[in-house]
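# A structural walkthrough
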Amino acid sequence: MTFEKGGHFTLSNILEILSKPHHLKAFWNSLLLATLVGLSGTILGFFFAFTSVRSNLSKGWSKFLDGTIILPLISPPFTTAIAMIFSFGRRGLITYNLLGIDTFNVYGLHSVLFAETITFFPIAYLTLKAILSGIDPTVEDMAFSLGSSRGRVFKTITLPLAIPGLANSFLLLFAASLADFATPLILGGHKFPVLPTEAFLQITGLFDMRGGAVLSFILLVPAFSVFVLQRYWVSRKYYVTITGKAGAQTQIKSVTSITGKIFLTICIFISILILYFYILLFYASIVKAFGANYQMTLKHYTVVFTEGLKAIKDTLIIATAGMMLGGLYGVVVGYLVAKKTFISRSAMEIVSMINYSLPGTIVGIAYLIAFNNPPIMITGTAIIIIACYVFRYGATGIRTTVAILQQIDPSIEEASFSLGANATTTFKRITIPLILPGLFSGLGIVFIRSMTAISATIFLISINWTLITVRILDKMTELELGVAAAFSTLVVVIVFIVIMFINLFLRLFRGPGAMDMSNILGG
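Residues numbered from 1 in each chain as written. Predicted model: local features only at pLDDT ≥ 70, side-chain atom pairs only at ≥ 80, totals over all residues. Heavy atoms only, no water.

## Looking at the overall build of the protein chain
Counting its regular elements, the protein chain contains 23 helices and six strands. Taken over 523 residues, the protein chain has a buried fraction of 56%. Expressed as a percentage of contacts within the protein chain between residues at least 6 apart in sequence, the contacts between residues at least 24 apart total 78%. Carbon and sulfur atoms make up 69% of the accessible area of the protein chain, which totals about 22800 Å². (Helix = DSSP H or I, 4+ residues; strand = E, 2+ residues; numbered from the N terminus. Buried < 20%, exposed > 50% of the residue type's maximum accessible area, 1.4 Å probe, protein only. Contact = heavy atoms within 4.5 Å. Areas by Shrake-Rupley, 256 points an atom, 1.4 Å probe, with all protein chains shown as cover.)

## Remarks on a nonpolar patch on the surface
Where nonpolar side chains cluster on the molecular surface, the patch consists of Leu98, Leu99, Ile101 and Phe104 and spans about 400 Å² of accessible area. The residue leucine 98 is located in helix α5 (residues 93-98) in this model. Of the residues examined, leucine 98 reaches a relative accessible area of 64% and is grouped as exposed. (Patch = residues over 30% accessible without salt bridge, like charges linked within 9 Å, V, L, I, M, F, W, Y side chains within 5 Å. Salt bridge = Lys/Arg side-chain N within 4 Å of Asp/Glu carboxyl O.)

## Points about the nonpolar core
Counting 144 residues, the largest nonpolar core has Phe48, Leu132, Ile274, Tyr356, Phe447, Met451 and Val495 as its most contacted members. With 14 residues, helix α18 (residues 382-405) is the largest single contributor of residues to this core. (Core = buried A, V, L, I, M, F, W, Y, C linked by side-chain atoms within 4.5 Å.)

## Digging into the side chain of aspartate 180
Relative to the helices and strands, aspartate 180 is located in the loop between α9 (163-179) and α10 (182-187). For the buried aspartate 180, which has no salt bridge, the nearest side chain bearing the opposite charge is arginine 392, at an N-O separation of 7.9 Å. Of note is the side chain of aspartate 180, whose polar atom sits 3.1 Å from the side chain of threonine 183. (Lys, Arg positive; Asp, Glu negative; His and termini not counted. Polar contact = N/O pair within 3.5 Å; in protein donor to acceptor, adjacent residues only side chain to side chain.)

## So, the environment of leucine 73
Checked against the element boundaries, leucine 73 lands in the loop between α3 (59-69) and α4 (79-88). Take leucine 73: its relative accessible area is 1%, and that puts it in the buried class. The spacing of leucine 73 and isoleucine 448 is 375 residues in sequence and 7.1 Å in space, taken between C-alpha atoms. When residues no more than four places from it in sequence are discounted, the contact partners of leucine 73 are Thr119, Pro122, Ile123, Leu126, Ile448, Arg449 and Thr452.

## Things to note about the packing of aromatic side chains
The final tally for this structure, using the stated rule, is 15 aromatic pairs. Taking the centre distance of 6.0 Å and the plane angle of 55° together, the rings of phenylalanine 46 and phenylalanine 154 count as tilted. One end of the pair, phenylalanine 46, is in helix α2 (residues 21-54); the other, phenylalanine 154, is in helix α8 (residues 150-161), and 108 residues separate them in sequence. Here phenylalanine 46 falls in the buried class, since its relative accessible area comes to 10%. Summarising the aromatic geometry, the rings of tyrosine 389 and tyrosine 393 are spaced 6.1 Å apart at their centres and angled 35° between planes, so their arrangement reads as tilted. One end of the pair is tyrosine 389 and the other is tyrosine 393, both in helix α18 and four residues apart, which spans about a single turn. You'll find tyrosine 389 and tyrosine 393 in the same group, each marked buried. Three or more aromatic residues joined by ring pairs make a cluster, and in this case those are Phe46, Phe47, Phe50, Phe154 and Phe263. (Phe/Tyr/Trp six-rings, centres within 6.5 Å; stacked < 30°, edge-to-face > 60°.)

Listed below in structure tokens is the structure:
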């Protein structure tokens, strides 16, 4: 559709779109925003991961950080944006009620960047915490014994060994920002258009499928470029740290006690800010009308568990199926890409990231067009929504698995083969225990995104199957913000419960000899 007009190949569609100043501005805004989100989110995620893994935190503080910063990831993508308007809008709780400012402009690049960074940096945290946990402290301890300072050890050992995770995190956050339309739609305003929002409005507002397809195709160019650069950067060096050779345990000495407390204080401050947003969201769900009538009520939850009961059931069924299939898909594809050599390996890796990089609106419409006619006609069923989730969000599990496998010395599997084990036994007994962080990270993120996605699935729902996020968007457009806040709170609670079960399962069934790994909620 992008290169077709009147049945003939043409570039006129792209030239026509790019000739419009508004669309060209949206393109550069998208690149700027995605780059800034990728950098700021990766840095923030690394800071939290380094503090959690390398500062000898107590289990209590570690669980507090894990439980708090995961909130933006397990809630609908526009939750932070709505909380920012409640806080910093013209009648915001902070700007107007506390500071008496009624001229603060909450819309624009600064707000979109802040909201997307807070929303997406937990993805970087999950990836980098697993990577940093896999770096044996004895490697750093040997450098200390040779007289190196902590700063030099960090620059020459810890940071270089974390490069696969840093590169993968930047790639995931860059792609996530390119694909996000909900946050820019709410906070961008007219002065800061981005391509995902323009593509969404082009299709839903102007009913221009061709124009929306062209705008989406343009997004693939920067996403593919970053992907190629990431692969080149990581492939130049050797990052193995998991060798299978046991050594004496050593206390982590990466930071001093005082520095660790400073890092923890900064993390606590950011965590409290995140907690504030979600306490505000919960408060809005139990008052009659936030900003006008603060009388306590449960009427919003009554609506959720009566009118919204079908959406809750449908969402749980679809998210559970997507979680199981998406986690398996992420590990299998990640293993093939990282450990096997075959002709189409690079093509498999690229294709696995395409769905993740595309704006969700276009993914949804593409699925709608592709599966609306025989021989595969599944439009209006749960299958099409599950397939969308698996192939779109399984990419996170793939990238995490690849990053972890780049740390595992091939000699571990070679030793298994030399002792007579076949490929299946080696994979089950050796490889799977080592890549469990990637598996459970994939399981958790696919479930989370299945519970919170909106951009793709808004085109795939039907009378038979609907979703909580769609009901939230409906209530927001109907200005029933209390009900929308109640639905969002329910999503957070459901996801937390499921992730706790995933965490328990990992602890109970972790294979013997597997490394002490971090997972979605720590530990």
